[in-house]
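Summary of the model geometry
If you want the building blocks of each chain, they are given just below.
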Amino acid sequence: MTVLLGRTRLRPPRAGLAGAIAASAFLLVLVVAAAAPALFTSADPIQTQVLQALRAPSIEHPFGTDQTGRDVFARVVYGARFSLAIGVLATTIAMTAGLLVGTLAGLAPRLIDGAISRVIEVLMSFPEFLLALLVIAILGPGPASLVIAISLAAVPVYARVARVQTFTVRRSGYVRAALILGVPRWRSVLRHVVPNTLGPLLVMATIGFGTAIASAAGLSFLGLGPQPPTPEWGLILSEGRNFLGTAWWIAVFPGLVVTVTVISASVLGRYLRAPGEGRAA
């Protein structure tokens, strides 16, 4: 409901603001943990201490210890560096490639655009996780293969949005006016089409970042990502799956961190994508 106060119209606060702030705060903590894990823990994430194996959560070990005595909290904190790096790299590569492919399709003649669109539609008919598995099956397991697989699997989504945005912008009045005034086509693309296409893709990338984190954890859980003793969230989950009955904390805490990270990225992305309600008219 809009409230009139003199000549100023005030609107209710934009829905989801509190959730977006909480999500941003959590993601900021993860970034700090990835950049400076020593601020959160002094424990070594890969040092084994057999006498400390399978200790329940305590003041000394907030998330307990695993089957080799390693501190689970330290492994989760240091794991933020690997998991966030994989998510950021994969999302950046996918968004860049999608922008290039989608813009090319939107500017190309109808025959080329139709061919690119059909390929995009075929790839989008498969789940991203399945496509990532296929790529890793070809390239082999490892961190680099993991990033490439997640990136390639996400490219069709970004390409489709980029294509639609390119169509919309290229037919706008100001682009046509610029071309009539003699502005070169390539300059119009760089000045008008690409910036207006990149905006929606950046918002999509916020949600896509959470999806990339989840995909990376899932593939690492299957043993297709970083190898032991690397402290990576999906790998920690994989190592703790055989101890759920006796040491549930090994898998539960990293699982919770992955879940909250994905939810936070999704909440923030949906907030940024929502219409600008609540702004003064």
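Residues numbered from 1 in each chain as written. Predicted model: local features only at pLDDT ≥ 70, side-chain atom pairs only at ≥ 80, totals over all residues. Heavy atoms only, no water.

Some details on the overall build of the protein chain
Selection criterion: Secondary structure elements follow DSSP: runs of H or I no shorter than four residues count as helices, runs of E no shorter than two count as strands, and numbering proceeds from the N terminus. When accessible area is computed with a 1.4 Å probe and restricted to protein chains, residues below 20% of their type maximum are described as buried, those above 50% as exposed, and intermediate ones as partly exposed. We call two residues in contact whenever any of their non-hydrogen atoms come within 4.5 Å of each other. Residue-level accessible areas treat just the shown protein chains as cover; the underlying method is Shrake-Rupley with a 1.4 Å probe.
In terms of regular secondary structure, the protein chain is built from 9 helices and 2 strands. Shown N-terminal to C-terminal, the secondary structure of the protein chain runs as helices and strands in the order β-β-α-α-α-α-α-α-α-α-α. Each of the three principal axes of the protein chain carries a C-alpha extent, and together these read 80 × 60 × 30 Å. Within the span of the protein chain, comprising 281 residues, buried residues form 43% of the whole. Nonlocal contacts in the protein chain, meaning residues at least 24 apart in sequence, comprise 70% of its contacts between residues at least 6 apart. In the structure as shown, the protein chain presents an accessible area of about 15000 Å², 69% of it carried by carbon and sulfur atoms.

Details of the pattern of salt bridges
Here is the rule we go by: One speaks of a salt bridge when a side-chain nitrogen belonging to Lys or Arg is within 4 Å of a carboxyl oxygen belonging to Asp or Glu.
Per the counting criterion, the structure on display carries 5 salt bridges. Of the charged contacts in the structure, one is a salt bridge between Arg163 and Asp113, with a shortest N-O distance of 2.7 Å. Pair noted here: Arg163 is in helix H5 (residues 143-170) and Asp113 is in helix H3 (residues 110-124), with a separation of 50 residues, a long-range link. For Arg163, a relative accessible area of 22% translates into the label partly exposed. For Asp113, a relative accessible area of 7% translates into the label buried. In this structure, Arg118 and Glu121 form a salt bridge, with 3.0 Å as the shortest nitrogen-oxygen distance. Remark: Glu121 and Arg118 occur in helix H3; sequence separation between them is 3 residues, near one turn of the helix. In the salt-bridge network here, residues are joined through shared partners; they are Asp66, Arg70, Arg75 and Glu239.

Re H5
Put simply, the rule reads: Expected helix span is taken as 1.5 Å per residue step, with the number of steps being one fewer than the number of residues. The term bend refers to the angle at a residue between two fitted axes, each drawn through seven residues, those ending there and those starting there.
Compared with the 40 Å implied by 1.5 Å per residue over 28 residues, the 39 Å span of H5 between its first and last C-alpha is a close match. When the local axis directions of H5 are compared, the greatest deviation, roughly 35°, occurs at Val155, which is followed within four positions by the proline Pro156.

Some words on the confidence of the model for the protein chain
Using the following cut-off: pLDDT expresses how confident the predictor is about each individual residue, on a scale running from 0 to 100.
In this model, the protein chain carries a mean pLDDT of 87, and residues with pLDDT of at least 70 account for 91%. Per-element averaging of pLDDT across the protein chain places strand S1 (residues 3-5) at the bottom with 41 and helix H1 (residues 17-35) at the top with 95. For residues 1-12, every residue scores under 50 in pLDDT, and the model assigns this stretch 16 contacts once sequence neighbours within four places are set aside. Low pLDDT, under 50, characterises residues 276-281; the stretch is placed with 9 contacts to residues that sit more than four places away or in other chains.

Let's talk about the layout of surface pockets
Where we set the bar: The way it works is a 1 Å grid over only the protein atoms, where trapped points that fit a 1.4 Å probe form a cavity and open points with protein on both sides within 12 Å along at least five of seven lines form a pocket, and then any residue with an atom within 4 Å of a point lines it. Grid points are joined across faces, edges and corners, and a volume is the space filled by probe spheres set on the points. Polarity classes work like this: nonpolar for Ala, Val, Leu, Ile, Met, Phe, Trp, Tyr, Cys and Pro, charged for Asp, Glu, Lys and Arg, and polar for all others, with Gly in that last group.
Volume-wise, the largest pocket comes out at about 240 Å³. The wall of the largest pocket is formed by 15 residues, among which Glu128, Tyr158, Ile207, Gly208 and Thr211 lie closest to the centre. Among the elements of the structure, helix H2 (72-107), H5, helix H7 (185-221) and helix H9 (249-273) are those that each provide at least two residues to the lining of the largest pocket. When residues in the lining of the largest pocket are grouped by element, the largest group, 6 residues, is from H7. Looking at the lining of the largest pocket, its residues break down into 8 nonpolar, 4 polar and 3 charged. The computed volume of the second largest pocket comes to approximately 190 Å³.

Things to note about the packing of H5 against H7
Applied cut-off: Structural elements are reduced to axes, namely lines fitted to C-alpha atoms, with helices fitted over the stretch in contact, and the angle between N-to-C directions of any two is expressed from 0 to 180 degrees. Handedness of a crossing follows from how the near helix is turned relative to the far one, being left-handed for an anticlockwise turn of less than a right angle and right-handed for a clockwise one.
Closest axis-to-axis distance for the H5/H7 pair is 8 Å, and the angle between their directions is 145°. Where H5 crosses over H7, the two elements pack in a sense that is right-handed. Here the residues of the contact of H5 with H7 sort into 15 nonpolar, 8 polar and 2 charged.

Describing the environment of Leu134
In this fold, Leu134 is placed in helix H4 (residues 128-139). Along the primary structure Leu134 and Leu152 are separated by 18 residues, whereas in three dimensions their C-alpha atoms are 10 Å apart.

Some thoughts on the environment of Val32
Here Val32 shows up in helix H1. The exposure class of Val32 is partly exposed, given its relative accessible area of 32%. Considered as a pair, Val32 and Arg81 are 49 residues apart in the sequence and their alpha carbons are 9.4 Å apart. If we ignore the near neighbours within four places in the chain, the residues touching Val32 are Pro37, Leu39 and Phe40.

Looking at the side chain of Ser145
For Ser145, the location among the structural elements is in helix H5. Judged by its relative accessible area of 11%, Ser145 falls in the buried class. Once residues within four sequence positions are removed from consideration, Ser145 is found in contact with Ile136, Leu139 and Gly140.

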